[in-house]
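Analysis of the macromolecular model
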Amino acid sequence: MRPVCNIAVELIKSRRAHSSAAARRLGGEMCKELKTKVLRLLPQSCSGPSVHKEGFTDGAEVLSCTVKALKEGHVVAVPTDTIYGLACLTQNSEAVKKIYDIKGRNGNKPLAICVGEIQDIYKFCKVKVKEALLADLLPGPVTLVFERSEVLNTDLNPFTSLVGVRIPDHGFMRRLCQMCAEPLALTSANISSHTSTVEVHEFQELWPKLAVVVDDGPIGDHSRLGSTVVDLSVLGKYRIIRPGCALSSTVDVLEHKYGLSEDSGKNDLV
């Protein structure tokens, strides 16, 4: 898991870059017209305390800035353990609508939610599997689909009684959810139907519509497959909605360790 401590941010005011090469050269930049903050995360040093660098601040400020933007109803771009994502507060209906508008996403396609801890899942989902199963798959590159609870925003995926939930194996994301004290609505950081992104410059056309872009450099294994999505809403059954990047290991846990059988029935999240 990526640690949260020693995450830092560089904020540089400059003209908006007009090419991917320019975006890669800049550690962070300010899209002046819409004041988009591009924040660069730095890896933790294993040799001891972090050393102060000119122009950088500590990880607490990165998190604070992102939380502030979310609480103000904005959409932000964040790294996960698979691909880059767009996130907003799940319980903010206007923010949820913004995500659909930014991506040009079909309103009948659902958004997943992202939480920081396994115990948080029980607040927003009706779980029908053992907690040990959750612990075997999460945190990790898996989205688990359950029946949604009544406390979840009714404007989020109003066309289905189910919801997918993620706990990315990414320290920054988990801490972000904890600090927001509510789940994040999460989807891929790209225009709908376009290729998933593993570097921030790949979705640069979306930057002006975002309050914060958190840059963690290249992420995931570059497969761009995203998380494996599996429906666990039927007792004793599982259904693969999207194979994703962890299909084999997920099925192995579900079948061989917990004895679940595959359900070939149609799912209303497909």
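The notes below deal with the structure included here. From a predicted model like this one, the values you see are computed outputs, not experimental measurements.

Below, the discussion takes up unusual backbone geometry. With the exception of glycine, the majority of residues adopt a negative phi angle, and the majority of peptide bonds are in the trans configuration. Residues leucine 138 and proline 139 are joined by a peptide bond in cis, for which omega reads -5°. Relative to the elements of secondary structure, proline 139 occurs in the loop between α5 (131-137) and β9 (142-148).

What follows is about the pattern of salt bridges. Counting across every chain of the model gives nine salt bridges. Ionic pairing is found between lysine 97 and aspartate 101, a salt bridge with its closest N-O pair at 3.0 Å. Within this pair, lysine 97 and its partner aspartate 101 are both found in helix α3 (residues 93-103), separated by four residues, close to a single helical turn. Linking arginine 174 and glutamate 117 is a salt bridge whose minimum nitrogen-to-oxygen distance equals 3.0 Å.

Now for the pairing of strand β11 (residues 184-188). Looking down a regular strand, the side chains alternate between one sheet face and the other. Among the five residues in β11, five count as buried, and that is most of the element. Bridge analysis of strand β6 (residues 84-89) against β11 gives five bridges, and the strand direction is antiparallel. Residue cysteine 88 lies in a different strand from β11, and its bridge partner there is alanine 185. Looking at chain direction, strand β7 (residues 112-114) and β11 are connected through three bridges and run antiparallel. Residue pairing for β11: cysteine 114 is matched across the bridge by leucine 184.

On to the pairing of strand β12 (residues 212-215), then. Burial along β12 is two-sided: the residues Val212 and Val214 and Val213 and Asp215 are all buried. Both strand β3 (residues 36-40) and β12 contribute to a ladder of four bridges, which runs parallel. The residue bridging leucine 39 from the neighbouring strand is valine 214, located in β12. As paired elements, strand β5 (residues 76-79) and β12 share two bridges and run parallel to each other. If you follow valine 76 over to β12, its bridge partner there is valine 212.

Calculation notes
Residues numbered from 1 in each chain as written. Predicted model: local features only at pLDDT ≥ 70, side-chain atom pairs only at ≥ 80, totals over all residues. Heavy atoms only, no water. Helix = DSSP H or I, 4+ residues; strand = E, 2+ residues; numbered from the N terminus. Salt bridge = Lys/Arg side-chain N within 4 Å of Asp/Glu carboxyl O. Buried < 20%, exposed > 50% of the residue type's maximum accessible area, 1.4 Å probe, protein only. Pairing = 2+ DSSP bridges.

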